[in-house]
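Structural overview
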Amino acid sequence: MDSTLHPAAEPAIPLETAFRAAMRRLAATVTVISTRSESGLRHGMTATAVTSVSANPPAVLACVNRSAALHAQLGLGRRICINLLHCSQQRLSEVFSGALDGEARFSEGEWLSDSDGVPYLADAQANIFCEVEALHAYGTHSVCIGRVVRVECRSDVAPLVYQDGAYMCTGPLVTPQE
């Protein structure tokens, strides 16, 4: 048995610390979730806890901390856009992670609005437009499930990824020549 995988006497690590360490090993595509409030203000935040739920009907989920300003804008029937960032958009991720606040965040990148007024990043890796169909509170977050109403995709595939506290760019795997 490999003792590096299962040490005989390992000091007790608090569960939350161990969980955070495990999650740092989970690579995730970086997104910016955007919406517009009823008063017309744009809201957005960086998120990596985003994944597909169903292909039929098309749906995604995003986990949003209840302390995030965007959280107050999430409600049943509200429209949001999940903008998957391209590997060239690290700065934009940092801006929407807190480098700027409120409307000032939208000074970074080329932002347009769809016919419902939802802001979306024009040159994102992909834009997934959704209508919020469910919100489930759990711990510090709400799980937001959005029914997909429209999708736009950029032709080159190179999403920005976050893992172990760092950004990285992805691309196709290189297969060794035989």
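Located above this text is the structure these notes cover.
Residues numbered from 1 in each chain as written. Predicted model: local features only at pLDDT ≥ 70, side-chain atom pairs only at ≥ 80, totals over all residues. Heavy atoms only, no water.

**What about the pattern of salt bridges?**
Where we set the bar: Salt bridge, as used here: a side-chain nitrogen of Lys or Arg that lies within 4 Å of a carboxyl oxygen of Asp or Glu. A run of DSSP states H or I qualifies as a helix once it reaches four residues; a run of E qualifies as a strand once it reaches two. Both are numbered from the N-terminal end.
A full pass over the atoms with the stated rule returns 8 salt bridges. Among the ionic pairs, Arg 79 bridges to Glu 131, the shortest N-O distance being 3.3 Å. With Arg 79 in strand E6 (residues 79–84) and Glu 131 in strand E9 (residues 126–138), this pair connects stretches of sequence that are 52 residues apart. Via salt bridges that share partners, Arg 79, Asp 116, Glu 131, Glu 133 and Arg 147 belong to a single interconnected network.

**Structural notes on the side chain of Asn 83**
We count it as follows: Think of it in three bands: with a 1.4 Å probe and only protein chains considered, a residue is buried below 20% of the maximum accessible area for its type, exposed above 50%, and partly exposed in between. We define a polar contact as two N or O atoms separated by no more than 3.5 Å, with the added condition that, inside protein, one atom must be a possible hydrogen donor and the other a possible acceptor, whereas residues neighbouring each other in sequence contribute only through side-chain atom pairs. Any two residues having at least one pair of non-hydrogen atoms within 4.5 Å are treated as being in contact.
Along the chain, the position of Asn 83 falls in strand E6. You can call Asn 83 buried: its relative accessible area is 0%. Polar contacts involving the side chain of Asn 83 include one to the side chain of Asn 127, which spans 2.8 Å. Once residues within four sequence positions are removed from consideration, Asn 83 is found in contact with Val 30, Thr 31, Val 32, Ser 34, Trp 111, Tyr 120, Leu 121, Ala 124, Ala 126 and Asn 127.

**Points about the packing of aromatic side chains**
Two measures describe an aromatic ring pair: the distance that separates the ring centres and the angle between the ring planes. Where we set the bar: Any pair of Phe, Tyr and Trp rings, taking the six-membered ring for Trp, is counted once the centres come within 6.5 Å. Such a pair is stacked with planes under 30 degrees apart, edge-to-face with planes over 60 apart, and tilted for the rest. Only when the NZ of Lys or the CZ of Arg is both within 6 Å of the ring centre and within 35 degrees of the ring normal is a charge said to sit over the ring.
Taken as a whole and assessed by the stated rule, the structure comprises 5 aromatic pairs. Ring centres of Phe 96 and Trp 111 lie 5.4 Å apart, and the angle between their planes is 45°; this geometry places the pair in the tilted category. In this pair, Phe 96 is assigned in helix H2 (residues 90–99) and Trp 111 in strand E7 (residues 111–113), connecting sequence segments 15 residues apart. Per residue, the accessibility class of Phe 96 equals that of Trp 111, and both read buried. Relative to Tyr 167, the ring of Tyr 162 has its centre 5.0 Å away and its plane inclined at 65°; by these criteria the two rings are edge-to-face. Judged by its relative accessible area of 32%, Tyr 162 falls in the partly exposed class. By the ring-pair criterion, three or more aromatic residues cluster together here, those being Phe 96, Phe 106 and Trp 111. The aromatic ring of Phe 129 is capped on one face by Arg 150, whose charged end is 4.0 Å from the ring centroid.

**Considering the nonpolar core**
Soluble globular proteins tend to pack their nonpolar side chains together in the buried interior. Threshold: Within this scheme, the nonpolar core is defined by two criteria: the residues are buried Ala, Val, Leu, Ile, Met, Phe, Trp, Tyr or Cys, and they are joined through side-chain atoms within 4.5 Å.
Among the nonpolar cores identified, the biggest contains 15 residues, and Ile 33, Val 60, Ile 80, Ile 82, Ile 128 and Cys 130 are the most heavily contacted of them. The set of elements that each furnish at least two residues to this core consists of strand E3 (42–47), strand E5 (58–65), E6, E9 and strand E10 (141–153). If near-sequence neighbours (up to four positions away) are discounted, Ile 33 is found in contact with His 43, Gly 44, Met 45, Ala 47, Ala 62, Val 64, Leu 70, Ile 80, Cys 81 and Ile 82.

**Thoughts on the pairing of strand E12 (residues 166–169)**
In plain terms, the rule: At least two bridges found by DSSP between two strands are what make those strands a pair.
Sheet topology note: the strand E11 (residues 160–163)/E12 ladder contains 4 bridges and is antiparallel. For Gln 163, the partnering residue across the bridge sits in E12 and is Ala 166. Between E11 and E12, which pair antiparallel and follow one another directly, the connecting turn spans 2 residues, one of which, Asp 164, has a positive phi of 50°.

**Some thoughts on the sheet that holds strand E2 (residues 31–36)**
This is how the line gets drawn: Under this scheme, a helix contributes an axis fitted over its contacting stretch, all axes are lines through C-alpha atoms, and angles between N-to-C directions fall in the 0 to 180 degree range.
Spatially, E3-E2-E6-E9-E10-E5-E4 is the arrangement adopted by the 7 strands of the open sheet, whose pairing is antiparallel. The sheet is open, and its two edges are formed by E3 and strand E4 (50–55), each paired on a single side. Here the strands of the sheet are splayed against their neighbours by 30° on average, with no regard to which way each runs. Strand direction decides the pairing type here: E2 and E3, joined by 6 bridges, are antiparallel. Paired with Thr 31 across the bridge in E3 is Ala 47. H2 rests against E2 and E3 of the sheet, and its axis sits at about 110° to E3.

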